[in-house]
Structures are given as C-alpha cells and as structure tokens.
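The lines below spell out each chain.
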Amino acid sequence: MREKVRALVARECAGMTLPERARTWMGYSAEFSRKMAEEGLIGLTIPRRYGGQGMGPFARFVVVEELLIAGAPVAAHWIADRQSAPLLLKFGSEEQRQRFIPKICAGELFFSIGMSEPGAGSDLAAIQSRAKRQQDGGWILNGRKIWTSGAHLNDYVIALVRTSDSEDRHGGMSQFIVDLKAPGVTIRPIEDLTGETDFNEIFFDDVQLEADALVGEDGEGWKQVTAELAFERSGPERIYSSAVLLDAWIGHVSAQAEISDARTTKIGALTAELAALRQMSIAVAAELEKGNSPVTEAALIKDLGNSFEQKIPQIVADDLASHPEETPNAELQAATRLLLQLAPSFSLRGGTREILRGMIARGLGLR
Amino acid sequence: MNEFLEPFERLLTQHYPPERLRVIEGDEAAASAVLGAIDAAGFLDALRTEAEGGAGLSLLEAEPLLRAIGVAAAPADIALAMLRRRIERTPSRALLAVVHSALIAGALEKLLAFCSAHVCTREQFGKPLAAQQAIQQQMAQLAEQAALVRVASQYGCAGGFDVGEPRAAVAKHAASAAVPIATSIAHAVHGAIGVTEEYDMQLWIRRLYDWRMAAGSESYWANKLGRSRLDQAEKNAVEFVREI
C-alpha cells in the first residue's frame, strides 16, 4: 500500500512547489484524484460490491499518511472518500449506495459538506435552511450554507436542513444529497486571506429535490451528522497539516554548518510530538477496526493534533527570523507565510477547539 | 490486561495508603520495609524470567503494573527492583526513561481522578465547578495529556528492555512535557485546597515533578531525538518516525 502511494506521488507530484505541497489536503486536482482512483486508492474501506477495496481503517491510515506527508493535492475526492461515501454506506438506501458510491470510488463524483450556515457555526443545531415535502413525495429546499469547501468545483453537497419543527433542538433535521448544478443553487466563492478561493457560500432558492434525495430517515439528521463528524475527526489529517513545512525546515537547518543545541531541541520536540500523536491516531484506527465509534478519542486527538499543526509555522517563522545570516530559499519562506495564515483554520474546520473540549468534558462525565 | 494487575493494585492500595506515603518519603528504613512486603508477595519477580522462577513478563506486558505504581504514588524503587531482577547490567537511561513515562502515565490518571471528583462536588456561583465552561475546557486538556502519555508509555514499553534512545525520547518527552501542563491545571481547578499538606493530591504532584526530571527531562530527550532527526534529514517525518 505504502509503496503504491509513494510511487504515485513520485510520478504525479514531482513538479509541485513547496507552497503548493504545503496546502496538503486543501490542494485540489481532479486529475490527481482520478489517478488515485485508477490505482484503487479511493474508497479503501468501502466494500468491493460498491467499487471499494474492502480494507480496514489501518489501510486508510497508511494511504492518508503517505499522501499528507508528500503534500499531494487530494482535496477533490477528500470529503467524498472520508465521509460522504461512509455516510451513504451507513445510512443511505441501497439505490443511493449503488448510484453514488461506485462513482466516488472511481474518482468521478466529488462531494462537499453542507453543515455551517451564516447563523450556525459551532452551534450547528441553529441551522435555518428548510426542506418542505411536496405532494409527489419530493422536496423544495430553501436556505443557505457557508464555508463549503470545494462547492464551486464539486458535484454534490450533503446538506443538513430542517424538515420539521421540534421541541428538541436536535430534532426535526434531515440530510439531503443536493446536485450543485441544479436549478436554484447559486454558489458564491469566498476569497480567503491568502487570496485563494477554497470555500463558498451556497444559496438554495426553491431547489426541487426528488424523494430519494433524502439520506436516511426524516428527522434523524442530527444523529447521522454526529456519526459523519466522527469519520471527519478521527483521521491522521489532524496531525499532518504542517508536516510538509516541518520537513522542509528540518532540511534547511540540517544544511547549516553549525546548529545550536536550542535549535536541535526544538526539532526533536516537534518530532517527538509527531511520533506520539501518530501512535494516538493509530490507536483510534484500531478502535475503528473493532467497529467502535471513538467519539471522545477522536476529539482528543483532533484537539492535540490541531495545536501541534498550528504551532509549527509559528516556531519555524521565529527560528528563520532569528538567523538573519542564513538565506532560506524563497519556497520555504513562502510556505511559512502561507501556513501562518492558514493555520488558524486548522482548529476551526471539523469542529472548533472549544466544541471538542466540551465533548471531551462530556466524555469525562462533567456535563 | 494480565492476571497480575488486580492483585498488584490491591497490594499497592493496602501498603501505600496516603498516610504511609507521607511517612516513607522521609524514612528510608520504613520505605524498604514496605518494599519487603511487596517482595514477599512475589511481585518484584514480575519481570524475572520464568526459568529463574519469575513471571517472565515483557516490558509491554508489565506496563499496566508500572502504571499502577504511578496511580498509587508508590516509590519508583518498586519498578527499579523489578528491572534489576530481569537484566543483569545497569539499566540504560533509555530504559529508565520509559519506565518513568509509565509511572507518570499512572500518576496522571490519578490526578485526573482527583480533579474530576473535586469539580463535580465543589460548588461555586451556585453550581458545581464542573458546570463552568472554563473548568470544562481545562479538564479536557488534562484528559488529553493523560491520554497522550498513556499511549506514549505503551509505545515506549513496546521497545522492550533494550529500548533504543529515539523511542525512549518519544515516550519520555511526552510524559515529562505533560507534567507542567497537567499539574498547573490540577492546581488551578482545586484552588487553595490543592496547595495544602492535608489534601492528598500533593503527594502525586510532588512525584510527578520528580519523575519528570528522572532519567532526563523533556528537553534532554528532545535534544537527543533532534540530533538523530537532523542526521537523517533526507527522510520525511513519516519515514523517520516509522523507523524509531
């Protein structure tokens, strides 16, 4: 598995610059995703009858780890592979599974996540978008979603919306598969602080959905989305987002004639942290392998991992600028500047630090 | 989990209640008398080979026992005595570091238990401390450190009695670095109660400070690992850590 990924990356990513690689799982290339599918590297944990490889979470861990450390542009298929296909497998109808999952595994269909709204960020239960059931069993969808990565390039979004009013604030929600090219769907890209357009705002104006656009049960959206978020949070991408920069910085330092003890210690501390976090991530994969849903464990590793990913660009920036006699190459400087700006989002996407710590506190029985 | 753990935990609870922990801290003769009782029960032979009449546990199999010593705030000498009956030479600093990461992992488990019990019962502003988000956020961080060190301890012990320096570095760096974070939180959520002699948590806190420094602190091991990493800078991080 590992060798297969390395060979693919060596073949396809040789021309990428360091700042391009430093984007890791934000780098988008539909072409690369299709090459991965040709090698059977998408849908590793999906059963073979749906076009997957029928392997376990460890196989996925290995493949994901190798892609991230190389900085391969995996964003196109990332969401579909990580959470949409597993969600459809778990809650979708047989028809939905057959219609979507084989094409996801073939790298032909790409998905976005439709959770956040302008009035519902961390407080996801505050969503207002609404789908109304029609006489013919179909639905009319109105509302908007925001921070939707890749919506301007992808094929579908799985949106969490209200389908009924409920006393319980976690009740009355449902998930729908929405074609991003359907009439009534407007996508407005939002430029980020680095000048890239990765995320979007999506407007739904009287979007007509067939009856079979509903995923799982009407009203069970909260339970489903909780399961989906567990897929989203448990993977090794929560420790490797700055690993490309870490390696490049180590390369720069190792080329210096004299290396201070303090510098060596910083490099060793980050390497030790990475190794320990990786063991934690492997432990989560072992729980998934046993069929458990390690919600608290996934929150623990994500929070620790995010803090680790976020401090790397800060430490590298401080180190480089404390050695004015050295001339780090332009790519290393550009990658540092890029990740300094992107790193705050690491502990926002997939659930903020504060939300995760609240979940851990619940796991401890404090709330 | 092996069949020795539960009786060992019982033995530690019996022989190292907090009042005795206070006595043996300053009394070597008393400490060795208690150690003799542990020996009499056979547990110092946990690592000794079966050919020599011991249980022949691997270091990884014994990791829960080492952690139990930390949970009880019992002396590190118990672990060191076990080691001396398995390996003839003086234990390497790497091996001692791994053993101390297991002790720290255990003590952090107990620290988390102290804090959970306290914040659930102590009321301020008309509700338990546990209901305050500021407390919940800190407790989550304490739990993170305890979980991380537990994994690091198991990883270190999986290196066996001949554990290499890089693996020991990963384990002891995680364990030692967790100590200032975890002890600060434990004190913060306890308020002034936590700095009294009377409240037993202080016994665990003091051992954590000692064990953090024993066999090399986090920076000692970070420096060792940093040298090794810089010598292999042509590898990427995954290649490097997989070979540890």
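Residues numbered from 1 in each chain as written. Chains lettered and ligands numbered in written order. Predicted model: local features only at pLDDT ≥ 70, side-chain atom pairs only at ≥ 80, totals over all residues. Heavy atoms only, no water.

A. Representation of the domain arrangement of chain A in the model. Residue and element names in this part refer to chain A. When the domains of chain A are assigned, the result is domain 1 (2–109), domain 2 (112–219) and domain 3 (234–363). Between domain 1 and domain 3, the C-alpha centre-to-centre distance is 22 Å. Counting residues at the interface gives 22 residues for domain 1, matched by 24 residues for domain 3. Here domain 1 meets domain 3 over a buried area of about 2200 Å², counting both sides, of which 72% is carbon and sulfur. Summed over the shared surface of domain 1 and domain 3, the result is 2 salt bridges. The tally of links from domain 1 across to domain 3 stands at 5 residue pairs in polar contact (both at pLDDT 80 or more). Put simply, the parts of the chain that give the side of domain 1 that touches domain 3 at least two residues each are helix 2 (18–22), helix 4 (57–70) and helix 5 (75–91). The element that contributes the greatest number of residues to the side of domain 1 that touches domain 3 is helix 4, accounting for 8 residues. Broken down by class, the residue content of the side of domain 1 that touches domain 3 amounts to 13 nonpolar, 4 polar and 5 charged. (Domains from an automatic or database assignment. Contact = heavy atoms within 4.5 Å. Buried area = accessible area lost by both parts, 1.4 Å probe. Salt bridge = Lys/Arg side-chain N within 4 Å of Asp/Glu carboxyl O. Polar contact = N/O pair within 3.5 Å; in protein donor to acceptor, adjacent residues only side chain to side chain. Helix = DSSP H or I, 4+ residues; strand = E, 2+ residues; numbered from the N terminus. Nonpolar A, V, L, I, M, F, W, Y, C, P; charged D, E, K, R; others polar.)

B. Region of the structure containing empty space enclosed by the protein. All names here are of chain A. Evaluated as defined, the whole model comprises 2 cavities of 30 Å³ or more. Around the largest cavity, the lining residues are Met36, Leu41, Gly43, Leu44, Arg60, Val63, Val64, Leu67, His77, Trp78 and Asp81. When residues of the lining of the largest cavity are traced back to their parent elements, those giving at least two are helix 4 and helix 5. Here the lining of the largest cavity gets 4 residues from one element, more than from any other, and that element is helix 4. Grouping the constituent residues of the lining of the largest cavity by class yields 7 nonpolar, 2 polar and 2 charged. Lining the second largest cavity, in full, are Gly43, Leu44, Thr45, Ile46, Arg60 and Asp81. (1 Å grid on protein atoms, 1.4 Å probe; cavity = no way out; pocket = protein on both sides within 12 Å on 5 of 7 lines; lining within 4 Å. Points joined across faces, edges and corners; volume = space filled by probe spheres on them.)

C. Expanded view of the domain arrangement of chain B. Residue and element names in this part refer to chain B. In terms of domains, chain B is made up of domain 1 (5–84) and domain 2 (94–242). Inter-centroid distance (C-alpha atoms) of domain 1 to domain 2 is 21 Å. Taken together, the contacts link 22 residues of domain 1 with 29 residues of domain 2. Between domain 1 and domain 2, roughly 2100 Å² of surface is buried when both sides are summed, and carbon and sulfur atoms account for 67% of that area. The three residues of domain 1 that bury the most area against domain 2 are Arg22, Leu59 and Arg67, which together make up 30% of that side's buried surface.

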